[in-house]
Amino acid sequence: MSVKQAEVSTTSPRGHIGPAKHLEREPQSYWRLALQSLRRDKLTLTAMVFILVLATLAALAPVLTDLLIGVGPNQTNPDNALAQPYLGPYLKWHLGVDIRTAPRMLRESGGVSHWLGTDQLGRDQLARLLYGGRVSLTIAFVAAFITVVLGVTIGTITGYFGGRIDDLFMWFINTMVSIPGIYLLIIVSAIFKPNPITLILFLGLLGWFDTARLIRGNVFKVRALDYVMAAQALGASATRIMLQHVLPNSIPIIIVNMAIDIGNLILVESALSFLGLGIQPPTATWGSMLDRAQNLLFLRDPVTSAPIALHLIIAPGILITLTVLALYLIGDGLRDALDPAMKNV
Amino acid sequence: MKKFLYAISLMVLGGLAACSGPTPESITEVVKETVVVEKEVRETVIVEVEKEVVTEKEVVVTATTAPPQQGGVFIEASSTDASLLNPIIYSDAASFDVIQHIFPALINQDPFTGEVIPDLAESWETSEDGLVWTFHLRDDITWSDGDPVDAQDFKFSYEAIASDNVDSPRKYITDGIAGIETPDPQTIVVTFNEVRCDGLLNLGLGLLPSHLYGDDYSDIMESSYNEAPPVSAGPFLFKSWTRDDNVVLERNPEYWKGAPYLEGWIYKVVPDPGARLGQLQSGEVDLIEAQPEQLTTIELDSNLELFKYKDDGYSYIALNLANPENPQPGQDEEGNLVEQDPHPILGDVNVRKAIAHSLDYDAIISKVYLGQGYRLAANVLPAIEWAYNTDLQPYPYDLETAARLLEEAGWVDSDGDGVREKDGTPLSLNLATNAGNTVREDLGVLVQDQLNSIGFDITFEAIEFGTLIEELDNQTFDMIIIGWTGLGPDPNDDAFWHTQFDVPGSGFNAVSYHNPEIDQLLEEGVSVPDCSIEKRTPIYKKIQEIIHADVPYIFVSGTVGNTAYNGKWQGINPGPWAFYHNVEQFSLAQ
Amino acid sequence: MSRYIIRRLLQAIPTLIGVSLISFFLVKSAPGDPVLAMTYDPKISQATRETLRRQLGLDQPLPVQYVRWLTGLVMRPGDATAEFSDEDTGCSYVSLLNYTFCNSGGGVLRANLGTSITTKQPVWDRIAERIPATLELTTTGLIIGLLLGIPLGVLSAVRQGSLFDNLVRFFAVVGNAVPAFWLALLLIFLFGVYLNWLPAGGRRTVSLSDEFDLVDRLRHITLPAMVLAVGWVAVLSRFMRAETLEVLHTDYIRTAKAKGLLPIQVWFIHATRNALIPLATILGPAITGLLAGAVITETIFAWPGMGRLTFDAAIQRDYPVVLGTVMIASVLVILGNLFSDILYGLIDPRVRLL
């Protein structure tokens, strides 16, 4: 036995007996376990990376559009309306497969590379997708945040205090939940024609019910636990109890739900914008871009008879699908990591 | 397992990069010139073809000369469904599209000039003072159940409008009528309260079959006939109505102008404009109102015909001549003019002229309206031929003149911030339009840009329609982009200019335009005793001159309609005021 | 059981009242003047507008309008009995509130949802004539979803880990994430525009005759039903997979396998039956979704159903119709949840309905 080992075994405060420290595993906290589990889940990690990349691209939209394209998302150019995506011909040009189409397109668009084509007013698709992504993502994230804050607050309050307050809020929640969500959203949007800020408020105000009920349920469970009653007997304040005991138990489910909520909100906002009720033009969002594209579905190129608006329909839809998919996968992955009992085997 | 999913999602993400859409052979050219076909001036007059009696006839047919064959169903696609098939209480255009084929009317509009022409009434005279009109009716028109269409139907329909038991938006018509007499079934005597030359067309509503209703008009509002008209005196009989889907009409063999060759006419609801075009091209429908971006596709399709016409509407920017902080009515209770508190910026006619010179109208018409528009100099549309002042030139796009006018008016950019000031007040204005109308929104952005480039500081926002018209009505706005439609074939628009209609909260003279000369001319023009065109024309030409010089509105563009229809039909001969005026002559080309 | 039902129904009453309050005041707080928006025509005089406003009752304060809409009682201040009662209307004066209540029939409580502003039809008629179309579409979508989703989910669980399982799971997640309206657009484009095999919208081809052409109707319902079915398949396959997996690991299944029963017997007779039980919890919301869930699909495919009616009415500010559809939809949601709970209680003997 070296001196060091002897030191370890005799000087450790806990009178340590057992394998040497460097062979010992650290006590695993709940979060540690979760993180480890997550690190092994490649799919969820990919999804998270995707969302991060998307958010960064969207945030950097002004810079990127200047660098890559040269025009803004709202600059119209009717002479170059419904131009096909430049990306394909560009690749073919540099691969030597087709050296004529790309330069011609470049000439016709006045030197601007419209990587994903243009819409019916000649506005660049890629720029609009980036800017639109900013709008859509911001709305979804902020609204989801609002629903979480509202849901947790109200759920905790009604669950803890019970009685009349609980009755009142539950009545209100039951009422709102009885109206089909899509009806409520359509009616509210048709009447008030929201801008991005008011839309965020609407979505936030109409989305907290499930979270509140969930938290309330958790509060009930926790309230009945012995150690909570003990804490109350010891004089712990309501806030302290809720923060220390109720919330930590609920955080996993809140996080999981939030990821899925963000996904849902993106779908909802794009559906509303598609119907003409959400964000109004000229602000681009992925949904409103599809709305305009819908009118162009039937237009065909007069010479080739090929449908000319295909690129307008595919890109925004794929982006929405991938973003929502990533968010759902993150939600699933988080659920797997954070609650082993909830695992999808 | 998870690895597999991972692999697939990577493939999907990677696949995006390769996706680039079809490589086109050529790129669509967008038609950007302002192509507006003037409506053809007809020399020949269309005379109703009566099949029973062989009289001298001159039938104008635009297509082949093969004899018409029986059969065929003509299908029109519309964005919205009709609401009510009752000619006196309907209020939407879609309902009218169906009503026009069923209910008879006393008088009609010439499809090409908009003037009043005989229909049920063969002829009419007026009294000396212009207040009493006597109409002589044809005696050969019957409802499909045999009952004759006569003076009683007219009296019943109009008295119903005035009745308390009926909610009609047309009470303003009967308010101006003192009395209706029917001395015999073929004569109607209408006495007006005052001479109103635009009142004659008000007598051209579709008429109800009076023999099917109770005398006290109480069974009109809730009647099942509003959804299923049982009888018809028009070219088609009502067959069925599936709400939000289609209205089906069948040939009326008893139609007095002659039984239609068509077997039926269907009004189909197709809300999506793209789908309407698709169905037109596939032959599922025969007629649509085309959107500007669809015109290229239609023009290149050899199976389709396009009818362009100048519609009875225009879009404009309303300039509030009065101070929005202090809206006042134009007249007080006794009818005396109330002095208006002028708008600090727009009250100066030179500023308004400067605005008129600052807009690049050609760019607007080609970019925003995709070429489907035309310049207007004043308030009367060229579709009203006899009153349109052809001598006036619309304000040209001339930034130098605009700048000079502003400078002379005292608006100078003294601090170099790009915005002009005068006595310390910046040249700042609010511009608004209704959200959801993409054309107007695009227009707003362009106008804002163009005015800001010359030293204005314009703040533009698209707001909800209800709020917008409240602002307009209450006169708390600076500039609003909006439009008028359905102005009708009479040039009288006193509601927009007369001081008596400057009433914050309800009047349509929302710009607070005050000009005693205009007031007088408007009153004159509409009360010419026999409403003869020769007497009215100079009055309206003068009105247009003054309006043009005073710039209460910036006239942006007249609306252009585009009706696209299937070329397989012959006999179609549309005018700007009516497409179906000779529907009984439509037939399938051989 | 009946006590449970009655209790639930009684609990539904305050909820429905809440729905009526919230939706009424929401709809009425719209900005702008509805009468002006309806009659924005210079030829219509202000007097006409005021008459219209009076007739629609829009000149009264909101609570009075609410009472009128809900109960059919018109409230007038003070004692106006003499003025307003006649043989159709009975009035009575309530001195405590200093209001006269005149009863002329109608009101939501008497199953009269009012009159549509745009078409002047009774609101109930407008809604009722649209219900069959919506039911036709959503039921078809649900049936296809069930027929495809349940077997896919079960099989996926049975062959856990296989390529089949992974494919099903992948498409399920994607199916949930795809925006329904985009899927609809793609389908319209592919089958309607490009291939021109199926019509792009509507319920049937219009023609002079009224005959029921089955092939034509089937062609029209295919695309919208497919869009709805995708959502169902995604949800149901995941659900059934999870449930089946749970069941498969239970003792009694192991026993059945040990007993030597054929796989088919094990999977489809024992496992599925037990896995189907929790399906009842989905069916309740599914049934309510039958009426409300197809709004977007109906709008894109121009399907004349109830969802599209709500959308059109909201755009046109036809308040009676909007309020009517909301009330009816809410009633159905509540009934659907009740039905689902009852079903669950009946099927699963472990659950006791209190």
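A. Seen up close, the overall build of chain C. Helix and strand content of chain C: 16 helices and three strands. Here chain C holds 354 residues, and the buried ones make up 43% of them. Looking at chain C alone, contacts between residues at least 24 apart form 68% of all its contacts between residues at least 6 apart.

B. Highlighting the overall build of chain B. Summing up its helical and strand segments, chain B has 14 helices and 21 strands in all. Considering chain B as a whole, with its 590 residues, one finds that 47% of them fall into the buried category.

C. Just the interface of chain C and chain A, in detail. The partner chain A presents 35 residues to the 39 residues of chain C that form the contact. Mapped onto the side of chain C that touches chain A, the elements with two or more residues apiece are α1 (2-28), α8 (163-177), α9 (180-194), α10 (214-248), α14 (295-300), α15 (306-316) and α16 (319-347) of chain C. Considering every element that reaches the side of chain C that touches chain A, the biggest residue donor is α1(C), with eight residues. Looking at the side of chain C that touches chain A, its residues break down into 31 nonpolar, eight polar and no charged.

D. Examining the packing of helix α2 (residues 30-40) of chain A against helix α15 (residues 310-338) of chain A more closely. Residue and element names in this part refer to chain A. It is at 8 Å that the axes of α2 and α15 come closest, and there the two elements cross at 135°. Judged on the interaxial angle alone, α15 and α2 are oblique. Here α2 runs over α15; the crossing is right-handed. Taking contact as the criterion, the partners of A34, S37 and L38 in α2 are, on α15, G333, D336, A337 and L338. Counted by class, the contact of α2 with α15 contains four nonpolar, two polar and one charged residues.

E. Molecular detail of the sheet that holds strand β4 (residues 121-126) of chain B. Residues and elements named next belong to chain B. Pairing is antiparallel in the open sheet, where four strands are placed in the order β4-β5-β7-β6. Whereas interior strands pair on both sides, the edge strands pair on one side only; in this sheet they are β4 and β6 (177-184). Mean inter-strand twist for the sheet, computed between neighbouring axes without regard to direction, equals 20°. Pairing of β4 with strand β5 (residues 132-137), which is carried by five bridges, proceeds in the antiparallel orientation. Bridged to S123 within β5 is H136. Sitting on the sheet, helix α3 (residues 151-162) touches β5, β6 and β7 (187-192), and the angle it makes with β6 is about 160°.

F. Geometry of the confidence of the model for chain C. Looking at chain C, pLDDT values average 80 and 88% of them are 70 or higher. For this predicted complex, the interface confidence comes out at an ipTM of 0.81, alongside a pTM of 0.78.

G. A look at the environment of R238(C). Residue and element names in this part refer to chain C. By the secondary structure assignment, R238 is in helix α10. Taking the C-beta count within 10 Å as the criterion, R238 has 22 such neighbours and is therefore assigned buried. Excluding residues that lie within four positions of it along the chain, R238 makes contacts with G153 and A172.

H. Structural view of unusual backbone geometry. Residue and element names in this part refer to chain B. The backbone of D244 shows a phi angle near 65°, a positive value even though the residue is not glycine. Take D244: it is sitting in the loop between β8 (236-242) and β9 (246-251). In this structure, S512 is a non-glycine residue whose phi angle is positive, near 60°. Its place among the elements puts S512 in the loop between α12 (494-497) and α13 (516-526).

I. Examining helix α12 (residues 226-233) of chain A more closely. The element α12(A) is largely exposed, with a buried count of zero among its eight residues. Remark: G235(A) follows α12(A) within two positions and exhibits a positive phi of approximately 100°.

J. Quick peek at the sheet that holds strand β3 (residues 99-103) of chain C. All names here are of chain C. One open sheet holds the three strands; their spatial order is β1-β3-β2, and the pairing between them is antiparallel. The open sheet terminates on both sides in strands that have one partner only, identified here as β1 (73-77) and β2 (90-94). For this sheet, the mean angle separating the axes of adjacent strands, direction not counted, is 25°. Looking at chain direction, β1 and β3 are connected through five bridges and run antiparallel. Directly across from L73, in β3, lies its bridge partner N103.

K. Summary view of the pairing of β9(B). Residue and element names in this part refer to chain B. For β9, the buried fraction is high: five of the six residues fall into the buried class. Both β8 and β9 contribute to a ladder of six bridges, which runs antiparallel. Among the inter-strand pairings, F236 is bridged to a residue of β9, identified as R251. A loop of three residues connects β8 with β9, the two strands running antiparallel in sequence, and D244 in this loop sits at a positive phi of about 65°. Where β9 and strand β10 (residues 264-269) come together, five bridges link them in antiparallel fashion. Counterpart to E250 in the pairing with β10 is G264.

L. Fine view of the confidence of the model for chain B. Per-residue confidence for chain B gives a mean pLDDT of 82, with 88% of residues at or over 70. Below a pLDDT of 50 lies the segment residues 1-61 of chain B, which in the model reaches 89 contacts outside its immediate sequence neighbourhood of four places, other chains included.

M. Representation of the packing of helix α3 (residues 42-59) of chain A against α15(A) in the model. All names here are of chain A. Contact geometry of α3 with α15 gives a least axis separation of 8 Å together with a crossing angle of 135°. Judged by the inter-axis angle, α3 sits oblique to α15. You can see that α3 and α15 cross each other, and the crossing is left-handed. In this structure, α3 contributes L43, T44, A47, M48, F50, I51 and L54 to the contact, and α15 contributes L322, T323, A326, L327, L329, I330 and G333. The class makeup of the residues in the contact of α3 with α15 is 11 nonpolar, three polar and no charged.

N. Broad picture of the nonpolar core. By size, the foremost hydrophobic cluster in this structure holds 229 residues, and its most contacted members are I186(A), A309(A), I313(A) and A184(C). Examining the composition of this core, we find that 18 residues originate from one element, α15(A), more than from any other. The contact partners of A309(A), leaving out residues within four places of it in the chain, are L82(A), A293(A), L296(A), L297(A) and L299(A).

O. Here's a closer look at the environment of G231(C). Residues and elements named next belong to chain C. Among the structural elements, G231 can be located in helix α10. On the basis of neighbour count, G231 is assigned to the buried category, with 21 C-beta atoms found within 10 Å. Linking G231 and G202, residues 29 residues apart in sequence, is a C-alpha distance of 21 Å. Setting aside chain neighbours within four positions, we find G231 in contact with G175 and A180.

P. Structural view of helix α7 (residues 349-358) of chain B. Residues and elements named next belong to chain B. With seven of its 10 residues buried, α7 lies for the most part within the structure. Looking at α7, one finds that the buried residues are V351, R352, A354, I355, A356, H357 and S358. Elements that come into contact with the buried residues of α7 comprise β12 (304-319), α9 (399-408), α10 (438-452) and β19 (553-566).

Q. Region of interest: the environment of R251(B). Residue and element names in this part refer to chain B. Mapped onto the secondary structure, R251 falls in strand β9. With 22 C-beta atoms counted inside 10 Å, the residue R251 sits in the buried group. With 179 residues separating them along the chain, R251 and N430 place their C-alpha atoms 54 Å apart. Those residues in contact with R251 that sit more than four places away from it in its chain are F236, A259, P260, L262, E263 and G264.

What counts, and at which threshold
- Residues numbered from 1 in each chain as written.
- Chains lettered and ligands numbered in written order.
- Predicted model: local features only at pLDDT ≥ 70, side-chain atom pairs only at ≥ 80, totals over all residues.
- Helix = DSSP H or I, 4+ residues; strand = E, 2+ residues; numbered from the N terminus.
- Buried ≥ 20, exposed ≤ 12 C-beta atoms within 10 Å, placed from the backbone.
- Contact = placed C-beta atoms within 7 Å.
- Nonpolar A, V, L, I, M, F, W, Y, C, P; charged D, E, K, R; others polar.
- Axes fitted to C-alpha atoms, helices over the stretch in contact; angles between N-to-C directions.
- Parallel < 35°, antiparallel > 145°, perpendicular 65-115°, else oblique.
- Left-handed = near helix turned anticlockwise from the far one by under 90°.
- Pairing = 2+ DSSP bridges.
- pLDDT = per-residue confidence, 0-100.
- Core = buried A, V, L, I, M, F, W, Y, C linked by C-beta atoms within 7 Å.

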